[in-house]
Amino acid sequence: MKDVIDSISKMLYKKALGYKVKENIDEFVLDEGESKPRLVKRKVTTKHVAPDISAAKALLAMRCSDNEVSDMTDEQLEEEKSRLLKLLSRDSDGNTGVGNGNNEGEV
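Residues numbered from 1 in each chain as written. Predicted model: local features only at pLDDT ≥ 70, side-chain atom pairs only at ≥ 80, totals over all residues. Heavy atoms only, no water.

Draft legend 1. Just a negative patch on the surface, in detail. Taken together, the side chains of Asp74, Glu75, Glu78 and Glu79 make up a negatively charged region of the molecular surface. By the secondary structure assignment, Glu78 is in helix α4 (residues 74-92). (Patch = residues over 30% accessible without salt bridge, like charges linked within 9 Å, V, L, I, M, F, W, Y side chains within 5 Å. Areas by Shrake-Rupley, 256 points an atom, 1.4 Å probe, with all protein chains shown as cover. Salt bridge = Lys/Arg side-chain N within 4 Å of Asp/Glu carboxyl O. Lys, Arg positive; Asp, Glu negative; His and termini not counted. Charge placed at Lys NZ, Arg CZ, Asp CG, Glu CD. Helix = DSSP H or I, 4+ residues; strand = E, 2+ residues; numbered from the N terminus.)

Rendered as structure tokens:
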């Protein structure tokens with residue numbers, strides 16, 4: 001059961017901070033007299049999925065006591081969202097950030 005909870009936590013963490021996803025678009029042509037189409041063009045794009053405040057709140061609820069999260073004001077939730085986004089920004093820039101073992105700013 002702990003593995004399931006860890007897996008859910010990782011998914012919520014990713015969704016709470018936003019992430020990038022690669023999308024492949026392939027174009028095929030069926031030449032006359034051939035039975036199989038051939039690939040003529042492949043386009044790979046990277047899309048950014050925006051952070052989700054609901055996932056952040058759910059993640060906080062899992063890691064904190066239920067009363068602590070439900071007692072947070074909208075302003076406190078927005079501050080926590082900003083803090084998490086800053087951590088993501090530091091982490092995506094290659095700097096030390098989330099999950100590096102230091103206590104500063106850990107989730």
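The structure having been displayed, the exposition proceeds.
Draft legend 2. A look at the environment of Thr46. Positionally, Thr46 belongs in strand β2 (residues 38-49). Separated by 23 residues in sequence, Thr46 and Glu23 have C-alpha atoms that sit 6.2 Å apart. Those residues in contact with Thr46, other than ones at most four positions away along the chain, are Lys20, Val21 and Lys22. (Contact = heavy atoms within 4.5 Å.)

Draft legend 3. Highlighting a nonpolar patch on the surface. Together, Met1, Val4, Ile5, Ile8, Met11 and Met62 line one region of the surface with nonpolar side chains, adding up to about 600 Å² of accessible area. Counting residues per element, the nonpolar patch draws most heavily on helix α1 (residues 2-17), at four residues. Tracing the backbone through its elements, the reader meets Met62 in helix α2 (residues 53-63). Residue Met62 is classed as partly exposed on the basis of its relative accessible area, which comes to 37%. (Buried < 20%, exposed > 50% of the residue type's maximum accessible area, 1.4 Å probe, protein only.)

Draft legend 4. Expanded view of the side chain of Ser9. Structurally, the position occupied by Ser9 is in helix α1. A relative accessible area of 12% means that Ser9 is categorised as buried.

All we've got here are geometric facts, nothing functional implied.
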